[in-house]
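Each chain, letter by letter, is given below.
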Amino acid sequence: MLPLVFFCLILGFAVGLVSIPIVREFARSRGLVDQPDRNRKLQDHAVALGGGIGVFASLVVAIVITLFVDRQFCGGVLGKVDLRYYHLFIAAAAILGVGLADDLWTLRGRQKLLLQLVIVSALVTAGTKITHVGFFGIDFDLGIAAFPVTVLWLLVAVNALNLIDGADGMATTVGAIICVGLGWLSFERGGTMNAVACFALAGSLFAFLVFNKPPATIYLGDAGSMMIGLFVGVLSVWTQLKESTVLSSAPIAILAIPLFDSSAAILRRWLTGRSIYTTDRAHLHHLLQHRYGRTGMLFFVAMLSLVTTSLSVLSVYLNVPLLSAVGVLAVLLLLLVTKSFGIAEARLIAGRAAGFAKSMTVGPHRIELKSDNRPYRLQGVGNWDDVWEPLVSFAEKQGWAKIKIDVSMAWLHEGYHASYQMMRLPEKLEQISLSLPLFATLSSDGRRVMIGRLSMIAASHDQRACERLAMLGDYLRDLEPHLDRIVADIETTDSVGSVAAKDDERPVDGSANGGIPARAAPNAGSSTPIELNTTI
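Residues numbered from 1 in each chain as written. Predicted model: local features only at pLDDT ≥ 70, side-chain atom pairs only at ≥ 80, totals over all residues. Heavy atoms only, no water.

This paragraph deals with the sheet that holds strand β10 (residues 448-459). Backbone hydrogen bonds hold the strands of a sheet together, and the pairing may be parallel or antiparallel. Taken in spatial order, the five strands of this open sheet run β6-β8-β7-β10-β9, and their pairing is antiparallel. On the outer flanks of this sheet lie β6 (371-379) and β9 (431-441), each paired with one strand and no other. When the angles between neighbouring strand axes are averaged without regard to direction, this sheet yields 10°. Here strand β7 (residues 402-409) pairs with strand β8 (residues 414-422) via eight bridges, running antiparallel. Along β8, the bridge assignment pairs aspartate 406 with histidine 417. On top of the sheet, helix α14 (residues 385-398) reaches β6, β7, β8 and β10; it is set at about 20° to β8, its chief contact. (Pairing = 2+ DSSP bridges. Helix = DSSP H or I, 4+ residues; strand = E, 2+ residues; numbered from the N terminus. Axes fitted to C-alpha atoms, helices over the stretch in contact; angles between N-to-C directions. Contact = heavy atoms within 4.5 Å.)

Residues other than glycine predominantly adopt negative phi, and peptide bonds predominantly adopt the trans conformation. In the segment running from proline 214 into proline 215, the intervening peptide bond is cis, with an omega of -10°. The residue proline 215 is located in the loop between α7 (192-212) and α8 (221-238) in this model. At threonine 106, a residue that is not glycine, the phi angle is positive and equals roughly 60°. Under the relative-accessibility criterion, threonine 106 is labelled exposed at 62%. The phi dihedral of lysine 339 is positive, around 55°, even though this residue is not glycine. Following the sequence through the fold, lysine 339 ends up in the loop between α12 (322-337) and α13 (343-361). (Buried < 20%, exposed > 50% of the residue type's maximum accessible area, 1.4 Å probe, protein only.)

Moving on, we get to a nonpolar patch on the surface. A cluster of nonpolar side chains, Phe13, Leu17, Val18, Ile22, Phe206 and Val210, forms an exposed patch at the surface whose accessible area comes to about 480 Å². Of all elements in the fold, only α1 (2-29) and α7 reach the threshold of two or more residues within the nonpolar patch. Looking at the nonpolar patch, the element that brings in the most residues is α1, giving four residues. Position of phenylalanine 13 relative to the elements: it lies in helix α1. Looking at phenylalanine 13, the relative accessible area reads 31%, which means it is partly exposed. (Patch = residues over 30% accessible without salt bridge, like charges linked within 9 Å, V, L, I, M, F, W, Y side chains within 5 Å. Areas by Shrake-Rupley, 256 points an atom, 1.4 Å probe, with all protein chains shown as cover. Salt bridge = Lys/Arg side-chain N within 4 Å of Asp/Glu carboxyl O.)

The next point concerns the packing of aromatic side chains. Counting across every chain of the model gives 12 aromatic pairs. Measuring from ring centre to ring centre gives 6.1 Å for phenylalanine 56 and phenylalanine 89, while their planes differ by 45°; the resulting arrangement is tilted. Of the two residues, phenylalanine 56 sits in helix α2 (residues 51-73) while phenylalanine 89 sits in helix α3 (residues 83-105), which places them 33 residues apart along the sequence. The residues phenylalanine 56 and phenylalanine 89 share a single accessibility class, namely buried. Aromatic pair phenylalanine 89 and phenylalanine 231: ring centres 5.3 Å apart, planes at 70°, arrangement edge-to-face. Of the two residues, phenylalanine 89 sits in helix α3 while phenylalanine 231 sits in helix α8, which places them 142 residues apart along the sequence. (Phe/Tyr/Trp six-rings, centres within 6.5 Å; stacked < 30°, edge-to-face > 60°.)

Here it is as structure tokens:
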């Protein structure tokens, strides 16, 4: 049976080498391309989309031919194809269609999530369920929770692979390694047909990597990344470690890299008050690419995936479940210790925890006098503290209860978040809240762009509250030249760093800025504080 599994891997690779260029040329001829823009899509030229179609086609062809060879020459060792595989491929085709619609017309995040939910729920209703959850040898029966847990798991898998598909070869490399790991787990436990599906998908992805490695000539698109995520999620459920379907520590550990990245993204956006659908360039691949270059990033991510996958497979082979956890912890510690990823999120969590602890230790007679000021550099080199400190002074003089600034400039790899608030906020019904956009002029082309938001809360019983709010507009006008200067400094630094990166695809070594290279801003260390009128 093992030769048949390897045959499927090689077949998937061979078919992919033929089908993917055909899909690429078709996509180009029909205008299905990813055009560069000035915000998120920073590639040099338009790149064909629809790679997921080529991967799906080569996967289907590889499995069909493998089944034919099995029936004709191997005595049918794979057995009868279970009905659940037909359900999986129908669901995969449906989610491929959703992804294509998103690539063509750009669906809203909630629309895409709703369609994913419908497809996943239909698949779970058809019989794919997690009935038990196993962690390190201890099993838990889910009972009536089996349906929602399975749906949640599949949605997580679909979107985790989708979120990491932001750099050439990233999702393809991680997906291929994950599929190889799941294939070995399946084969080790006798799930030969499951192993064939895993290795066929891995072969198709390895073929796609030939065209998707930096610089990519075709992208998976949302269609491909979501389809791969669905396969990975379902196949991990079908990787049976006991007689009943079990989601165990080993498959979860294999998926550690995309799960860690997507969890950090959701946590980062929640802690900064952003929508979970907000785009940024603070994902694992963005930070690693900024630090090590495109090729270095891909190699680094491949090594991380190999560590978690190898130890997960070994944990099953040796029946030592703890090994899979060791692999995950080793990878997470490596990322944190090298300050490659997770530092910004760790600081946000630590800040929230410190603020909560501080509020618990302040007596009721002093809480009205206490405040909490928490600025965080999430990414980049901008001197945002020069703007933030005067804002805090302004808020204190106006008697505001809370003020928050959130800067996000994805195209410049820049992010900053800061909040100042009194320990005791006014009751909800007694609050005046206001949120205003922050704009700056780009020195590169003179465009006026939104770079973030400023939010504030004041007590409604303040008789001069409206007058103070009006004063905020004058304050922001005074602030605009300083925002322009900071953004101009960032643009200058970014252009210098981009030239250096293109020379050897490796910028200067990173620092504590969430893995971003430690490049000094032009006015760093010498900028003068902003002086604005902060009185009424």
